[in-house]
Amino acid sequence: MADRLTEEPSRATVPHRRRVWLRARYRLVPWWARITVVYVLTRIVTAGLLAGFARVQPLNQFTQASPTPLQFATIWDGAWYRYIAAAGYPSTLPIGTDGAVTQNAWAFMPAYPFFVHGIMLVTTASFEVVAVVVSLVCGWGAALLFRRLMGRFLDDRTATFATVLFCVAPVSAMFQVGYAESMGVFLLTLVLWLWGQRRFWAMLPVIVLLGLTRPTGLALALALVVSLVVRFVRPGDHERMALRAFVPQAVAAVVSGVVGLAWPVIAWVVTGVPRAYTDTELAWRQSYIGRQELLPFAPWVQGFDWWFHEPAGIILLVVVLAGFAAFLLMPPARRIGPELRIWAGAYMVYLLAVFFPQSSTWRILMPLFPLLGVVALPRSRVYRVAMVIVSIALQWVWIYFCWWVDGYDWTPP
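Just so it is clear, the structure is predicted and the values come from calculations on it, not from any experiment.

> In this structure, what is going on with the overall build of the chain? I would like to understand it.
Each helix and strand counted, the chain has 20 helices and zero strands in total. Compactness check: the chain gives a C-alpha radius of gyration of 24 Å against a globular reference of 22 Å for 413 residues, within 12% of the reference. With 413 residues in all, the chain has 49% of them scored as buried. Across the chain, contacts joining residues at least 24 apart in sequence account for 72% of those joining residues at least 6 apart. Here the chain carries 33 positive and 19 negative side-chain charges, and the mean point of each set is 13 Å from the other.

Following this line, the structure appears as C-alpha cells:
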C-alpha cells in the first residue's frame, strides 16, 4: 500500500514535467522565430487553397484557363495595379455612354504599384513575381509588428494566438496576392504601435505612406482627435497632459487628415475634374444602385436595402452596428487599450460615411484586425483549435465566392 501511494504521485508528475519541459523549450525560441514559423505555415496552407482553385479556374477576363498560381494571384484589382505600374494614371477620365465616369485607375492609391514598379526596374522581374513577393514580405512584417502590438496588452500565449488568428483570417489571402492590402496593414500596424509608444513625430512619414497606400487618412485623423478629446476630458488627465504631449498628436491628426484629402486633390489637378476621385469610386457601385451622388452615411442604408430589401435591411443594419458598438464597449475589449478601440470605431465611422457594402466588404474590414486581440482571449484549447479550423474553412469560402472567377462574376474581392 505504501509503495502504491509513493508510486502514483510520481506517475502524475510525468505529464507535468513534460509540460514544464515543453514550456522551457518554447521560451528558448525567440518570439520572432515562432511568429515567422506561424506565418510561413499559414501562407503554405493558403497557397494550397489558391493553387487548387487556380487549377480549376475557367477562362476569364483576366487569364486563360488554369492559370499559374502567380497569374491567379494577380487578377481583379491586381490587373489595375499592373496597369498603374506600367503606365501610371490617365490624364483624361473615361466616360460611359450615359455620360458618367467609368471604372479607372484613379480608384487605387499609388504607393504600392509605384513601389512594385521600382523593384521591377531594379530586378527586371515580372509584375506577378514582384507584386506577390512584396505582399508576402509586408504580411510577414505586419505579423511580427502585430505580435509586438498585442504583447503590450496580452500575455505571451494569448498574444501569439491572436497573431495566429491574424495569419489565418478568412481574408488572409491578401498577404500573398497582388493587392495593396498587405502593405497597408503593415504600415497601419506600425502606426498603431508607434501611437502606443507615443512616438508621434516618428509616425508622420508612416502616416503619409499609409495614406498613399490605402484610404485610411481621414479615419486615422478622426481616431487621433477622439483620443485627444478622451485624454483631455478624463478626470485628472488634463492636468498631466502637458503641451509637449498634446502638440505632436495634434500634428499627427492634421497630417493624417491632409493626406486623406490629398489623393482626391491630386486626381483633380491631373485630370482637371474636381470630383475625379469620388466619381471614379462611384463607378464601382453603379452596377448595384445605378448612378447616384455620394451622400455621406447614405451608402450603408442603400447597400443593406439593396441586399436585403426594406424593412429587413434597415433592421439588420441597426443590429450589426449595435453589435459592433457593444463589442467595443464590453469589458473584455478593454484589455487591448483605448487607442485600438478608438481606431476601430473611427474606421467604422469612416466606412459608414463613404463605403458602399458589397462583396469586397470583407477585405475592406481588414484594418479592424486589432480586435483579434479580443477574439483571442478565451483560453480553451477546443475554442482555439476551432477558431483556426473555422478561419481556414472561411478562407475557402471567401476564395470561392470572391476571388475565383465563375463565369460572369459580379462578386469582386
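> When you look at the environment of methionine 183 in this model, what are you seeing that I'm missing?
As for its placement among the helices and strands, methionine 183 is situated in helix α8 (residues 181-196). Taking the C-alpha atoms as reference points, methionine 183 and cysteine 402, separated by 219 residues in sequence, lie 21 Å from one another. Not counting chain neighbours up to four residues away, the residues in contact with methionine 183 comprise Ala111, Tyr112, Cys138 and Thr213.

> How do you make sense of the state of the cysteines when you look at a structure like this?
Two cysteines, two sulfur atoms, one covalent bond between them: this is a disulfide. Applying the stated criterion to the full structure yields zero disulfides. Cysteine cysteine 138 remains unbridged, with the sulfur of cysteine 167 as its closest cysteine sulfur at 14 Å. Residue class for cysteine 138 comes out buried when judged on its relative accessible area of 12%. Among the residues examined, cysteine 167 registers a relative accessible area of 0% and is labelled buried.

> What is the right way to look at helix α13 (residues 276-283) in this model?
An α-helical turn contains 3.6 residues, so a residue and the one three or four places further along point in the same direction. Counted residue by residue, α13 has six buried out of eight residues, so it is predominantly covered. Among all positions in α13, only Ala276, Tyr277, Asp279, Thr280, Leu282 and Ala283 are buried.

> Just to check I follow, could you spell out the pattern of salt bridges for this structure?
Two side chains that carry opposite charge are able to pair once their charged atoms sit near each other. Throughout the structure, instances matching the rule amount to 10 salt bridges. Its salt-bridge partner being arginine 214, residue glutamate 181 comes within 3.1 Å of it at the nearest N-O pair. Pair noted here: glutamate 181 is in helix α8 and arginine 214 is in the loop between α9 (200-211) and α10 (217-233), with a separation of 33 residues, a long-range link. For the pair glutamate 181 and arginine 214, one class covers both residues: buried.

> I tried to follow empty space enclosed by the protein on my own but got confused; where do I start?
A probe matching the size of a water molecule, rolled over the atoms, marks out where space remains unfilled. Per the counting criterion, the structure on display carries three cavities of 30 Å³ or more. Empty space within the largest cavity amounts to approximately 40 Å³. Lining the largest cavity are Leu149, Arg152, Phe153, Leu192, Trp195, Gly196, Glu339 and Leu340. Looking at the lining of the largest cavity, the elements that each hand over two or more residues are α8 and α17 (337-354).

> Sorry if this is basic, but what is going on with the nonpolar core here?
Across soluble globular proteins, nonpolar side chains show a tendency to be buried alongside one another. The biggest cluster of nonpolar side chains holds 115 residues, and the ones touching the most others in it are Phe166, Trp343 and Trp403. In terms of residue count, helix α6 (residues 127-151) provides more of this core than any other element does, 13 residues in total. Every residue in contact with phenylalanine 166, bar those within four places of it in the chain, is listed here: Ala142, Ala143, Phe146, Ser172, Phe175, Val185, Phe369 and Leu372.

> Before we go on, may I ask you to explain the side chain of threonine 213 in this structure?
Summarising the element assignment, threonine 213 is placed in the loop between α9 and α10. By relative accessible area, which is 0% here, threonine 213 ends up buried. A distance of 2.7 Å separates a polar side-chain atom of threonine 213 from the backbone oxygen of leucine 209. Setting aside residues no more than four positions away along its own chain, threonine 213 makes contact with Met109, Ala111, Ala180, Met183, Gly184 and Leu187.

> Any chance you could explain the packing of aromatic side chains here in plain terms?
Per the stated rule, a full pass over the model turns up 33 aromatic pairs. With a centroid separation of 6.3 Å and 55 degrees between ring planes, the pair formed by phenylalanine 53 and tyrosine 400 is classed as tilted. Separated by 347 residues along the polypeptide, phenylalanine 53 in helix α2 (residues 31-55) and tyrosine 400 in helix α20 (residues 381-403) bring together distant segments of the chain. Grouping aromatic residues by their ring pairs yields a cluster made of Trp80, Tyr81, Tyr83, Phe108, Tyr112, Tyr179, Trp284, Trp398 and Trp403. Positioned above the aromatic ring of tyrosine 39 is the side chain of arginine 43, whose terminal nitrogen or guanidinium carbon lies 5.3 Å from the ring centre.

> I would appreciate a short explanation of a nonpolar patch on the surface in the present structure.
A cluster of nonpolar side chains, Trp306, Trp307, Phe308, Ile315, Leu316, Val319, Val320, Tyr408 and Trp410, forms an exposed patch at the surface whose accessible area comes to about 910 Å². Mapped onto the nonpolar patch, the elements with two or more residues apiece are α15 (299-308) and α16 (312-329). Take the nonpolar patch: its biggest share by element is four residues, from α16. Within the element layout of this structure, isoleucine 315 appears in helix α16.

> Sorry, what's going on with unusual backbone geometry here?
Trans is the common state for peptide bonds, and a negative phi is the common state for residues other than glycine. Put simply, glutamate 310 and proline 311 share a cis peptide bond, and its omega is -5 degrees. Inspection of the secondary structure puts proline 311 in the loop between α15 and α16. Backbone geometry at serine 66 places phi at a positive 50 degrees, although glycine is not the residue there. Looking at serine 66, the relative accessible area reads 44%, which means it is partly exposed. A positive phi angle, near 70 degrees, is found at phenylalanine 297, a position not held by glycine.

Calculation notes
Residues numbered from 1 in each chain as written. Predicted model: local features only at pLDDT ≥ 70, side-chain atom pairs only at ≥ 80, totals over all residues. Heavy atoms only, no water. Helix = DSSP H or I, 4+ residues; strand = E, 2+ residues; numbered from the N terminus. Rg over C-alpha atoms; globule rule 2.2 N^0.38 Å. Buried < 20%, exposed > 50% of the residue type's maximum accessible area, 1.4 Å probe, protein only. Contact = heavy atoms within 4.5 Å. Lys, Arg positive; Asp, Glu negative; His and termini not counted. Charge placed at Lys NZ, Arg CZ, Asp CG, Glu CD. Disulfide = S-S within 2.5 Å. Salt bridge = Lys/Arg side-chain N within 4 Å of Asp/Glu carboxyl O. 1 Å grid on protein atoms, 1.4 Å probe; cavity = no way out; pocket = protein on both sides within 12 Å on 5 of 7 lines; lining within 4 Å. Points joined across faces, edges and corners; volume = space filled by probe spheres on them. Core = buried A, V, L, I, M, F, W, Y, C linked by side-chain atoms within 4.5 Å. Polar contact = N/O pair within 3.5 Å; in protein donor to acceptor, adjacent residues only side chain to side chain. Phe/Tyr/Trp six-rings, centres within 6.5 Å; stacked < 30°, edge-to-face > 60°. Lys NZ or Arg CZ within 6 Å of the ring centre and 35° of its normal. Patch = residues over 30% accessible without salt bridge, like charges linked within 9 Å, V, L, I, M, F, W, Y side chains within 5 Å. Areas by Shrake-Rupley, 256 points an atom, 1.4 Å probe, with all protein chains shown as cover.

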